[in-house]
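# Breakdown of the fold
So the chains spell out like this:
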Amino acid sequence: MSSHREAPAISQDPVADNADTYAFVSPDDPSTVTIITNYVPLEGPPGGPNFFEFGDDVLYSIYVDNDGDALPEIEFQFRFRTTLQNEDTFLYNTGPITSLTDPSWNKRQLYSVSVVRGNGGSILGTDLACPPCNIGPRSTPDYEALAAAAVHSLPGGISVFAGQRNDGFFVDLGAIFDLGDIRELNMAHLIPLATASSIDSLKELNIHTIAIKVPIRMLTRDGSTPTDASAAKAVLGIWGGASRRKVQVRDGYGVRQSGPWVQVSRLGNPLFNEVIVPVGDKDRWNAVDPIDDVGFEKYVNQPELARLLPVLYPGAFPHLAAYTKDRADLHAILLTGIPSGVVPGFQNFTGPNPADMLRLNVAIPPTTSNPNALGLVGGDPAGFPNGRRVFDDIVSIELKAIAGATIPLVDPSYTPDAAVGAVSSYITPKADRYQATFPYLGTPHDGYHTPSS
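Residues numbered from 1 in each chain as written. Predicted model: local features only at pLDDT ≥ 70, side-chain atom pairs only at ≥ 80, totals over all residues. Heavy atoms only, no water.

Moving on, we get to the overall build of the chain. For the chain, the count of helices and strands is ten helices and twelve strands. Radius of gyration (C-alpha) of the chain: 22 Å, near the 22 Å computed for a compact globule of 453 residues. Taken over the C-alpha atoms alone, the chain extends approximately 70 × 55 × 50 Å along its principal axes. Scored against the burial criterion, the 453 residues of the chain give a buried share of 56%. (Helix = DSSP H or I, 4+ residues; strand = E, 2+ residues; numbered from the N terminus. Rg over C-alpha atoms; globule rule 2.2 N^0.38 Å. Buried < 20%, exposed > 50% of the residue type's maximum accessible area, 1.4 Å probe, protein only.)

Burial within helix 9 (residues 328–336) is extensive, with eight of its nine residues counted as buried. Regarding helix 9, the residues found buried are Asp329, Leu330, His331, Ala332, Ile333, Leu334, Leu335 and Thr336. Next to the buried residues of helix 9 lie helix 4 (272–276), helix 6 (297–301), strand 12 (358–361) and helix 10 (394–402). One or two positions beyond helix 9, positive phi appears at Gly337, with a value near 85°. (Contact = heavy atoms within 4.5 Å.)

A few words now on helix 7 (residues 304–312). When we look at burial in helix 7, the residues that qualify are Leu305, Ala306, Leu309 and Pro310. Angular distribution of buried residues about the axis of helix 7 spans 140°; they occupy a single face of the element. The secondary structure elements touched by the buried residues of helix 7 are helix 4, helix 8 (318–322) and helix 10. (Arc of directions from axis to C-beta.)

Right, let's get into the nonpolar core. In this structure, Phe76, Phe78 and Phe317 are the most contacted members of the largest nonpolar core, which totals 110 residues. Ranked by residues supplied to this core, first place goes to helix 10 with six residues. Beyond its immediate stretch of four places on either side in the chain, Phe76 contacts Tyr60, Ser61, Ile62, Ser114, Val115, Leu124, Ile212, Val214 and Leu219. (Core = buried A, V, L, I, M, F, W, Y, C linked by side-chain atoms within 4.5 Å.)

Inspection of the entire model under this criterion finds 15 salt bridges. The salt bridge involving Glu53 is made with Lys107; its shortest N-O contact spans 3.5 Å. Of this pair, Glu53 sits in the loop between strand 2 (32–43) and strand 3 (59–65) while Lys107 sits in strand 5 (residues 107–117), and the two are 54 residues apart along the sequence. Note that Asp200 is salt-bridged to Arg433, the shortest N-O span being 2.8 Å. Linking Asp200 in the loop between helix 3 (183–188) and strand 9 (206–215) with Arg433 in the segment after helix 10, this pair joins segments that are 233 residues apart in sequence. What you see here is one network of salt bridges that share partners, running through Asp13, Asp57 and Arg244. (Salt bridge = Lys/Arg side-chain N within 4 Å of Asp/Glu carboxyl O.)

Roughly 680 Å³ of internal volume is contained in the largest pocket. Considering the residues around the largest pocket, the lining is formed by 29 residues, among which Ile176, Phe177, Glu274, Val275 and Leu305 are closest to the centre. Elements that contribute at least two residues to the lining of the largest pocket include exactly helix 4, helix 7 and helix 10. The dominant element in the lining of the largest pocket, judged by the number of residues it contributes, is helix 7, at five residues. Tallied by class, the residues present in the lining of the largest pocket amount to 22 nonpolar, one polar and six charged. (1 Å grid on protein atoms, 1.4 Å probe; cavity = no way out; pocket = protein on both sides within 12 Å on 5 of 7 lines; lining within 4 Å. Points joined across faces, edges and corners; volume = space filled by probe spheres on them. Nonpolar A, V, L, I, M, F, W, Y, C, P; charged D, E, K, R; others polar.)

On to empty space enclosed by the protein. The tally for this structure, following the rule as stated, stands at three cavities of 30 Å³ or more. In this model, the largest cavity occupies a volume close to 100 Å³. Around the largest cavity, the lining is made up of 16 residues, and of these Phe52, Glu53, Tyr92, Gln109 and Pro131 lie nearest the centre. Among the elements that line the lining of the largest cavity, the one with the most residues is strand 5, at three residues. Partitioned by chemical class, the residues of the lining of the largest cavity number nine nonpolar, four polar and three charged. Roughly 70 Å³ of volume is contained in the second largest cavity. Surrounding the second largest cavity, Val171, Asp172, Ile176, Asp181, Ile182, Arg183, Ser198, Val395, Ser424 and Ser425 form its lining. Of the residues in the lining of the second largest cavity, the class split is four nonpolar, three polar and three charged.

Further remarks concern the environment of Phe24. Relative to the helices and strands, Phe24 is located in strand 1 (residues 20–25). Linking Phe24 and Pro366, residues 342 residues apart in sequence, is a C-alpha distance of 7.8 Å.

What follows is about the sheet that holds strand 9. If you trace the five strands from one edge of the open sheet to the other, you get 1-2-9-8-7, paired in antiparallel fashion. Of all the strands in the sheet, the pair left with one neighbour each is strand 1 and strand 7 (152–154). Averaged over all neighbouring strand pairs, the angle between strand axes comes to 20°, with direction disregarded. (Pairing = 2+ DSSP bridges. Axes fitted to C-alpha atoms, helices over the stretch in contact; angles between N-to-C directions.)

Within the secondary structure, Asp392 sits in the loop between strand 12 and helix 10. Engagement of the side chain of Asp392 in a polar contact is seen with the side chain of Arg389, the distance being 2.9 Å. If near-sequence neighbours (up to four positions away) are discounted, Asp392 is found in contact with Phe170, Asn372, Ala373, Gly383 and Phe384. (Polar contact = N/O pair within 3.5 Å; in protein donor to acceptor, adjacent residues only side chain to side chain.)

What follows is about the packing of aromatic side chains. Per the stated rule, a full pass over the model turns up 14 aromatic pairs. Ring geometry for Phe272 and Trp285: centres 5.8 Å apart, planes at 25°, overall stacked. One end of the pair, Phe272, is in helix 4; the other, Trp285, is in helix 5 (residues 282–287), with 13 residues separating them in the sequence. Ring geometry for Tyr313 and Phe317: centres 6.3 Å apart, planes at 80°, overall edge-to-face. Taken together, the ring pairs in this structure connect Tyr39, Phe54, Tyr60, Phe78, Phe80 and Tyr111 into an aromatic cluster. Over the ring of Trp285 we find Arg266; its NZ or CZ atom is 3.8 Å from the centre of that ring. (Phe/Tyr/Trp six-rings, centres within 6.5 Å; stacked < 30°, edge-to-face > 60°. Lys NZ or Arg CZ within 6 Å of the ring centre and 35° of its normal.)

Before going further, it helps to examine the pairing of strand 1. A large share of strand 1 lies buried, amounting to six of its six residues. Summarising the sheet, strand 1 and strand 2 pair through six bridges and their orientation is antiparallel. Following the sheet pairing, Thr21 is matched in strand 2 by Thr37. Between strand 1 and strand 2, which follow one another and run antiparallel, lie six residues.

Right under this line is the structure:
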């Protein structure tokens with residue numbers, strides 16, 4: 001999965017687990033960029049009586065590098081606090097929740113947003129309300145209205161949202177971790193275990209989303225809104241992270257924290273720590289910053305999955321099995337961005353420093369008519385690896401790349417195996433997975449209705 005429970009330590013700390021990061025030019029307002037970071041992976045909708053929420057003891061951050069040095073010039077910080085209206089009930093709510101200030105809503109979360117630039121910071125908003133979790137038709141009868149009320153406008157034309165949403169990521173989780181089983185590909189190669197079509201394991205699950213929409217001019221190095229896609233200033237490096245205090249002390253009243261903030265989770269490119277970094281280095285990867293990713297280059301240059309595919313699918317990937325060069329294509333896609341001249345009319349290069357970041361060229365307009373979920377691989381330069389949109393088919397894109405589809409971009413002598421065309425997630429999400437306006441992820445599933453089979 002993109003980064004759902006991807007490392008040993010963070011799998012035990014879901015409120016700090018950065019499950020997905022997205023960054024794209026907003027399709028309904030191309031003068032802005034939307035950045036989304038998701039936490040609390042694999043939320044089952046019927047989660048009472050203690051429904052899912054953000055961590056009051058976690059510092060959530062969104063980072064922006066606008067000069068290609070793999071260090072953040074801008075950091076948006078989010079802090080949450082939980083309030084109880086009635087300590088003498090076990091219920092999350094004692095009646096229908098019809099507004100964000102409804103007295104029947106007992107347990108609420110509020111948050112603050114700050115921005116740090118250089119050595120200085122400023123508060124953008126305080127006591128901003130999250131919506132409740134989507135409980136069911138009696139408790140949250142008009143959930144869409146509650147979610148809409150939780151979209152807050154901040155100074156400078158910034159919009160923010162923090163709360164539960166439909167998880168936009170899709171993957172056949174049960175199969176992919178059963179020795180890389182792509183059900184349809186197995187069927188194509190007559191492997192007896194393949195008996196069914198791919199299953200969208202996350203289609204009934206929710207996530208907790210932090211989303212911010214920011215004018216492009218507030219993110220670029222010179223305060224402009226670039227229109228030249230070939231310009232270096234048009235490319236932003238973006239990633240998310242979560243931190244906890246260095247010291248934790250447990251006593252009869254719970255956990256007390258003190259000391260400086262220490263990063264426990266981060267995410268730039270999808271599936272990087274999940275699939276590229278081996279288990280012995282996953283916790284260390286979460287703890288360091290993109291500027292330190294030089295130590296992880298070897299895993300990109302010689303990815304384990306590229307060696308496994310020919311073994312798992314005998315005879316299907318002979319060209320990939322014979323390819324022993326370092327994977328310069330994956331190095332560009334994941335660690336430096338793609339330089340000009342590799343893909344005609346496209347670049348998202350941030351310089352030679354290897355760093356795992358989403359790289360978004362803000363001068364490339366959003367594709368509003370028939371966007372291709374395969375992004376750049378499918379001929380749509382507004383999609384991954386040019387940032388990441390909520391509906392991009394990340395599993396298919398990265399599996400195709402690892403299987404050799406992108407090697408000819410840097411090595412014209414290489415011919416991809418015919419089986420690369422069959423490498424796919426084979427999943428098409430339902431239309432209600434997403435919405436056309438901020439925060440772009442759809443209404444979360446409620447806990448009352450029986451999940452569809």
